[in-house]
Amino acid sequence: MEDNHITDDRARRFAAGLRKFEQDSDVAPFAALFADDAVVERLDARGERQGEVERFWTEYREQFGEIRTTFFNVVEGQDQFALEWTSKGTLRDDRAIDYRGVTVIDLDGDTITRLRTYYDSAAFVLVPAETT
């Protein structure tokens, strides 16, 4: 199994849920891992959202044609975990994308109450061809 280094069942559910969502784009089962008023945040112009989990993840998925995330490190605590990851795939314009980041998740029991994701946003920038 790909995520054998993840021992916390909640972190494993998140990783499996994200992977399934990336494949089938069905946001509802993945969003069910989050509290109704969960705070989700990423480092881009859209920033922090409270209670908009489905919208947050739908906007994420709509950027890509195909995407697959691999988790390569995890730090697990009682009410929090952090996952280091790499995502590879294609953007909607068919450009290849390969970027990495960290996602920090706060929990109340088995429910995600806050998610913060930090990643290399430069990977999304289209660099114009050099002209001479």
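The preceding data block contains the structure.
Residues numbered from 1 in each chain as written. Predicted model: local features only at pLDDT ≥ 70, side-chain atom pairs only at ≥ 80, totals over all residues. Heavy atoms only, no water.

(A) Summary view of the pairing of strand β3 (residues 64–76). Where β3 lies against strand β4 (residues 80–91), 11 bridges are found, and the strand directions are antiparallel. Within β4, the residue paired with Val75 across the bridge is Ala82. (Pairing = 2+ DSSP bridges. Helix = DSSP H or I, 4+ residues; strand = E, 2+ residues; numbered from the N terminus.)

(B) Representation of the pattern of salt bridges in the model. Scanning all chains against the criterion turns up nine salt bridges. We note a salt bridge from Arg55 to Glu59, for which the minimum N-O separation is 3.3 Å. Of the two residues, Arg55 and Glu59 are both situated in helix α3 (residues 53–62); the distance of four residues between them amounts to about one turn of the helix. By relative accessible area, which is 46% here, Arg55 ends up partly exposed. One salt bridge in this structure joins Asp93 and Arg95, with 2.9 Å as the shortest N-O distance. On the basis of relative accessibility, which here comes to 24%, the residue Arg95 falls in the partly exposed class. Look at the salt bridges and you will find they share partners, linking Arg42, Glu52, Arg55 and Glu59 into a network. (Salt bridge = Lys/Arg side-chain N within 4 Å of Asp/Glu carboxyl O. Buried < 20%, exposed > 50% of the residue type's maximum accessible area, 1.4 Å probe, protein only.)

(C) View of the packing of aromatic side chains. Applying the stated rule across the entire model yields 18 aromatic pairs. Where Tyr119 meets Phe124, the ring centres are 6.0 Å apart and the plane angle is 70°; that geometry is what we call edge-to-face. Accessibility classification places Tyr119 together with Phe124 in one group, the buried group. The ring of Phe56 is capped by Arg42, whose NZ or CZ atom sits 4.4 Å from the centre of that ring. (Phe/Tyr/Trp six-rings, centres within 6.5 Å; stacked < 30°, edge-to-face > 60°. Lys NZ or Arg CZ within 6 Å of the ring centre and 35° of its normal.)

(D) Up close: the side chain of Asp8. Residue placement: Asp8 occurs in the segment before α1 (9–24). In terms of polar contacts, Asp8 uses its side chain to reach the backbone amide nitrogen of Arg10, at 2.7 Å. Leave out the neighbours within four places in its chain, and Asp8 touches Glu76 and Gly77. (Polar contact = N/O pair within 3.5 Å; in protein donor to acceptor, adjacent residues only side chain to side chain. Contact = heavy atoms within 4.5 Å.)

(E) Representation of the packing of α1 against α3 within the structure. Put simply, α1 and α3 touch, their axes get as near as 11 Å, and they point 55° apart. In terms of axis orientation, α1 runs oblique to α3. At the point where α1 passes α3, the crossing takes the right-handed sense. When α1 is examined against α3, the residues Phe14, Leu18, Phe21 and Glu22 are found in contact with a partner set consisting of Trp57, Thr58, Tyr60 and Arg61. Here the contact of α1 with α3 is composed, by residue class, of five nonpolar, one polar and two charged. (Axes fitted to C-alpha atoms, helices over the stretch in contact; angles between N-to-C directions. Parallel < 35°, antiparallel > 145°, perpendicular 65-115°, else oblique. Left-handed = near helix turned anticlockwise from the far one by under 90°. Nonpolar A, V, L, I, M, F, W, Y, C, P; charged D, E, K, R; others polar.)

(F) Structural view of the pairing of strand β6 (residues 111–119). Where strand β1 (residues 34–42) and β6 come together, five bridges link them in parallel fashion. Bridging across to β6, Phe34 finds its partner in Ile112. As defined by bridge partners, strand β5 (residues 96–108) adjoins β6 across eight bridges and the pair is classed as antiparallel. Opposite Asp106, over in β6, you have Arg114 as the bridge partner. Adjacent in sequence and paired antiparallel, β5 and β6 are bridged by two residues, among which Gly109 carries a positive phi angle near 65°.

(G) Representation of α1 in the model. The end-to-end C-alpha distance of α1 is 22 Å, a good match for the 22 Å that 16 residues give at a rise of 1.5 Å each. Within the span of α1, buried status applies to Arg10, Ala11, Phe14, Ala15, Gly17, Leu18, Arg19, Phe21 and Glu22. Following α1 by one or two positions, Ser25 adopts a phi angle in the positive range, close to 60°. (Expected span 1.5 Å × (residues − 1).)

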